[in-house]
Amino acid sequence: AAYTNVERAEEDEARADLLNHKAAAYLAAAAQETGATLIHVSTDYVFDGTGHRPYTEAMATSPLGAYGRTKLAGEEAVKASGCRYLILRTAWLYSEYGNNFLKTMLRLTSERETLRVVFDQVGTPTYAGDLALAIFSLIEAGRYTGNEGVYHFTDEGVCSWYDFAVEIAAAAGHDTCRIIPCHTSEYPTKATRPAYSVLDKTRFKETFQMDIPHWREALIYCMKRLQRQ
Ligand SMILES: NC(=O)c1ccc[n+]([C@@H]2O[C@H](COP(=O)([O-])OP(=O)(O)OC[C@H]3O[C@@H](n4cnc5c(N)ncnc54)[C@H](OP(=O)(O)O)[C@@H]3O)[C@@H](O)[C@H]2O)c1
């Protein structure tokens, strides 16, 4: 559970803080009391995205907006609680469930003749099922014990939102919609997004010895599941 509306968080930081920071602190306190390990999901938005190399866990955080600030405060509360924890920072989540970029692009590319999508924000689309499976696997194998700390987890590869949209339309066979790359500055928003938020997953892969699918492969898998629904 999290306050994930990045735009609304700018005007509602107190509420975003309640969920992304204080609630995480309560969970961490409960984990500390009971001796449980807390697996906490965090975000690439803790970084400002001014870098040009994949972000490692050791790199300095510097959130650009209220969502990232409150998520970072949540991370810090978990760390300060004294509980055993794994903080998994992820990014660009989508799945066959709920509302997300994949669902929006499937709808818009079926309705419109043209669609403008930003090409100057770069990251890694991540199938929520891959994150869930990674968490499930490390719990099942008992690998959380002795491996506490912060980890980065996304699918493999790198692309822009524009590339992701093109791939979604192609996979869905929506070939009548022309997708046009545009700059972030053409779509002013309340919250500033990191321009580059590729996460370096080396620590996760070396610690837990897990293979992670490429985002394109994961997209096709998710689309097949969506079609079966
Ligand atoms: N989406 C991304 O691209 C992304 C990227 C990086 C990290 N993350 C992190 O990944 C996690 C999941 O994000 P998501 O995008 O999957 O979120 P989401 O689709 O917005 O889902 C958030 C969940 O939180 C629940 N929730 C919200 N407010 C609540 C409250 N006051 N009490 C109890 N439950 C509440 C919602 O319940 P209802 O369904 O009942 O509303 C929903 O199940 C979060 O920690 C987020 O910060 C997400």
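First, a word on what this report is: a plain description of the structure on this page. (Residues numbered from 1 in each chain as written. Predicted model: local features only at pLDDT ≥ 70, side-chain atom pairs only at ≥ 80, totals over all residues. Heavy atoms only, no water.)

Looking now at the overall build of the chain. Check the secondary structure of the chain and you find eight helices and nine strands. By the compact-globule yardstick of 17 Å for 229 residues, the chain fits well, its C-alpha radius of gyration being 18 Å. In terms of its C-alpha atoms, the chain occupies a principal-axis envelope of roughly 55 × 40 × 35 Å. Within the chain, the proportion of its 229 residues that are buried is 45%. Contacts in the chain between residues at least 24 apart in sequence constitute 84% of all its contacts with a sequence separation of at least 6. Of the roughly 11,600 Å² that the chain leaves accessible, carbon and sulfur atoms contribute 52%. (Helix = DSSP H or I, 4+ residues; strand = E, 2+ residues; numbered from the N terminus. Rg over C-alpha atoms; globule rule 2.2 N^0.38 Å. Buried < 20%, exposed > 50% of the residue type's maximum accessible area, 1.4 Å probe, protein only. Contact = heavy atoms within 4.5 Å. Areas by Shrake-Rupley, 256 points an atom, 1.4 Å probe, with all protein chains shown as cover.)

Cysteine pairs can be covalently joined through their sulfur atoms, and such a bond is termed a disulfide. On inspection of all chains with the given rule, the structure shows zero disulfides. C182 supplies the cysteine sulfur nearest to C177, a cysteine that is in no disulfide, at a spacing of 13 Å. Here C177 falls in the buried class, since its relative accessible area comes to 8%. (Disulfide = S-S within 2.5 Å.)

Moving on: the pattern of salt bridges. The full count for this structure, using the stated rule, is 12 salt bridges. Where K22 meets D17, a salt bridge forms, and the shortest distance between an N and an O atom there is 2.8 Å. We note a salt bridge from K201 to E156, for which the minimum N-O separation is 3.4 Å. Here K201 is found in the loop between β9 (178-182) and α7 (202-208), whereas its partner E156 is found in the loop between β7 (149-152) and β8 (159-160), with 45 residues between them in sequence. Residue K201 is classed as buried on the basis of its relative accessible area, which comes to 6%. Each member of the salt-bridge network shares a partner with another, and the members are E156, K201 and K205. (Salt bridge = Lys/Arg side-chain N within 4 Å of Asp/Glu carboxyl O.)

This paragraph deals with the packing of aromatic side chains. Using the criterion set out here, one finds 15 aromatic pairs in the structure. Plain terms: the ring middles of Y94 and Y127 are 5.9 Å apart, the flat faces sit at 40 degrees to each other, and that makes the pair tilted. You can see Y94 sitting in strand β3 (residues 93-94) and its partner Y127 sitting in strand β6 (residues 126-127), a full 33 residues away along the chain. Neither Y94 nor Y127 differs from the other in exposure class; each is buried. Aromatic rings pair up to connect W92, Y94, F101, Y127, W161, F164, W215 and Y221 into one cluster. (Phe/Tyr/Trp six-rings, centres within 6.5 Å; stacked < 30°, edge-to-face > 60°.)

This part covers the site of the ligand. Inspection of the region around the ligand gives 13 residues, with A1, T4, Y67, K71 and L93 positioned closest. Residue A2 places a main-chain N or O atom 3.3 Å away from an oxygen atom belonging to the ligand. Note that an oxygen atom of the ligand is positioned 2.5 Å from one of the side-chain N or O atoms of T4. At the level of elements, β1 (37-43) and α3 (66-80) are the ones that each hand at least two residues to the shell around the ligand. With three residues, the top contributor of residues to the shell around the ligand is β1. (Near = heavy atom within 4 Å. Polar contact = N/O pair within 3.5 Å; in protein donor to acceptor, adjacent residues only side chain to side chain.)

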